[in-house]
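# Report on the structure
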Amino acid sequence: MDFSAPVYQGYTLGQALGLAGIVAGLFIVFLVLKKLFSGKRESIHTQAVRCSCGWQGRISSLAGKCPKCNLPLGDRKAR
Ligand SMILES: [Zn+2]
């Protein structure tokens, strides 16, 4: 295989492969970054609350309840 022979609009096979490698590399970086950011993002269905009994943490914003005293907490949008 001749890597210096033009294969597409004057580009050689070596250049084409290099470009494909760069694109693939950028794509992988993009996927990794996307995964990192989506992992950090908080769910829209949970919210951080502090209960009057002293418990605090994340509960469902649709039907939240304190796991300690069972008091209804949060927005409870599912009401
Ligand atoms: Zn509580």
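This is a predicted model, so every value here is computed, not measured.

Cut-offs applied
- Residues numbered from 1 in each chain as written.
- Predicted model: local features only at pLDDT ≥ 70, side-chain atom pairs only at ≥ 80, totals over all residues.
- Heavy atoms only, no water.
- Helix = DSSP H or I, 4+ residues; strand = E, 2+ residues; numbered from the N terminus.
- Rg over C-alpha atoms; globule rule 2.2 N^0.38 Å.
- Buried < 20%, exposed > 50% of the residue type's maximum accessible area, 1.4 Å probe, protein only.
- Contact = heavy atoms within 4.5 Å.
- Donors = N, O, S within 2.8 Å, 3.2 Å for Na, K, Ca; no water.
- Tetrahedral: all angles 85-135°; square planar, octahedral: opposite > 155°, others 65-115°.
- Pairing = 2+ DSSP bridges.

## Description of the overall build of the chain
What the chain contains, in helices and strands, is one helix and four strands. Listing the helices and strands of the chain from first to last along the sequence gives β-β-α-β-β. Compactness check: the chain gives a C-alpha radius of gyration of 26 Å against a globular reference of 12 Å for 79 residues, more than 25% above the reference. Once the C-alpha set of the chain is aligned to its principal axes, its extents read approximately 75 × 25 × 15 Å. Taking all 79 residues of the chain together, 13% fall into the buried category. Within the chain, residue pairs in contact and separated by at least 24 positions form 7% of the contacts whose partners lie at least 6 positions apart.

## Describing the coordination of the zinc ion
Surrounding the zinc ion are the protein donor atoms C51 (SG), C53 (SG), C66 (SG) and C69 (SG), at 2.2 to 2.3 Å. The site at the zinc ion holds four donor atoms, and with the angles between them running 106 to 115 degrees, its shape is tetrahedral. Under the relative-accessibility criterion, C66 is labelled buried at 1%. Overall, C69 belongs to the partly exposed group, its relative accessible area being 37%.

## With respect to the pairing of strand β4 (residues 56-60)
Look at any regular strand and the pattern is simple: side chains alternate between the two faces of the sheet. Summarising the sheet, strand β3 (residues 46-50) and β4 pair through five bridges and their orientation is antiparallel. For T46, the partnering residue across the bridge sits in β4 and is S60. Here β3 hands over to β4 after five residues, with G54 in that stretch at a positive phi of 105 degrees.

## Overview of the environment of I44
You can see I44 is positioned in the loop between α1 (13-40) and β3. When the C-alpha positions of I44 and G18 are compared, they lie 41 Å apart, and in sequence the two are 26 residues distant.

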